[in-house]
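So you can see what is in the structure, the chains are spelled out below.
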Amino acid sequence: MRMLHTMLRVGNLERSLAFYTEVLGMTLLRKRDYEEGRFTLAFVGYGDEENNTVLELTHNWDTDSYELGNAYGHIAIAVDDAYKACEEIKARGGNVVREAGPMKGGVTVIAFVEDPDGYKIELIQQDKFARDN
């Protein structure tokens with residue numbers, strides 16, 4: 001068994017695709033409209049679906065926003081340098097909601113960004129010697 005994807009419902013698919021591809025550097029792997037169901041699925045990621053876990057963006061055509069609820073936490077992405085990643089994300093118009101720095105009570109450097117729908121994405125600096133989370 002292996003994890004295939006995580007699904008997020010998005011209010012504006014083009015805006016979300018721009019964020020995940022242009023701001024976070026993912027690739028649009030596939031996209032398909034389901035006319036009868038009135039929804040579109042778009043899969044994005046950092047590698048092919050056969051070997052990598054990807055993100056499924058679901059756009060229901062008649063819904064332009066969602067309540068995130070209080071159970072959702074975040075998606076985590078490994079980065080070489082969280083400080084540099086935050087600067088690059090801000091330069092591309094992304095919203096950094098927690099600047100890079102050591103996690104509370106630990107040494108692992110993390111940061112948080114927010115996508116256009118308010119979903120949180122944690123950036124975790126992959127240091128060779130620090131692994132708090």
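Taking an unreviewed UniProt entry as the reference, the chain is identified by name as Lactoylglutathione lyase belonging to Acinetobacter lanii. Listed in UniProt under the heading Function (unreviewed entry), the comment for the chain reads: "Catalyzes the conversion of hemimercaptal, formed from methylglyoxal and glutathione, to S-lactoylglutathione." As its UniProt record puts it under Catalytic activity (unreviewed entry), the chain is described as follows: "(R)-S-lactoylglutathione = methylglyoxal + glutathione".

Asks: I keep staring at the overall build of the chain and nothing clicks. Help me out?
Replies: Looking only at helices and strands, the chain features 2 helices and 8 strands. Computed over its C-alpha atoms, the radius of gyration of the chain comes to 16 Å, within 12% of the 14 Å expected for a compact globule of 133 residues. Seen through its principal axes, the chain has C-alpha atoms that stretch 50 × 30 × 30 Å. In the chain, buried positions account for 38% of the 133 residues. Excluding contacts between residues fewer than 6 apart, the proportion of contacts in the chain whose partners are at least 24 apart in sequence is 48%. A distance of 3 Å separates the average location of the 15 positive side-chain charges in the chain from that of its 23 negative side-chain charges.

Asks: So what exactly am I meant to see when it comes to the sheet that holds strand 3 (residues 39-45) here?
Replies: Two orientations exist for strands paired in a sheet by backbone hydrogen bonds: parallel and antiparallel. Strand order in the open sheet made by the 4 strands is 1-4-3-2, with mixed pairing throughout. If you trace the sheet from one side to the other, it starts and ends with strand 1 (5-9) and strand 2 (27-34), each paired once. Averaged over all pairs of adjacent strands, the angle between their axes in this sheet comes to 20 degrees, without regard to strand direction.

Reading guide: rules and limits
Residues numbered from 1 in each chain as written. Predicted model: local features only at pLDDT ≥ 70, side-chain atom pairs only at ≥ 80, totals over all residues. Heavy atoms only, no water. UniProt positions renumbered as here; feature names shortened; annotations may be inferred. Helix = DSSP H or I, 4+ residues; strand = E, 2+ residues; numbered from the N terminus. Rg over C-alpha atoms; globule rule 2.2 N^0.38 Å. Buried < 20%, exposed > 50% of the residue type's maximum accessible area, 1.4 Å probe, protein only. Contact = heavy atoms within 4.5 Å. Lys, Arg positive; Asp, Glu negative; His and termini not counted. Charge placed at Lys NZ, Arg CZ, Asp CG, Glu CD. Pairing = 2+ DSSP bridges. Axes fitted to C-alpha atoms, helices over the stretch in contact; angles between N-to-C directions.

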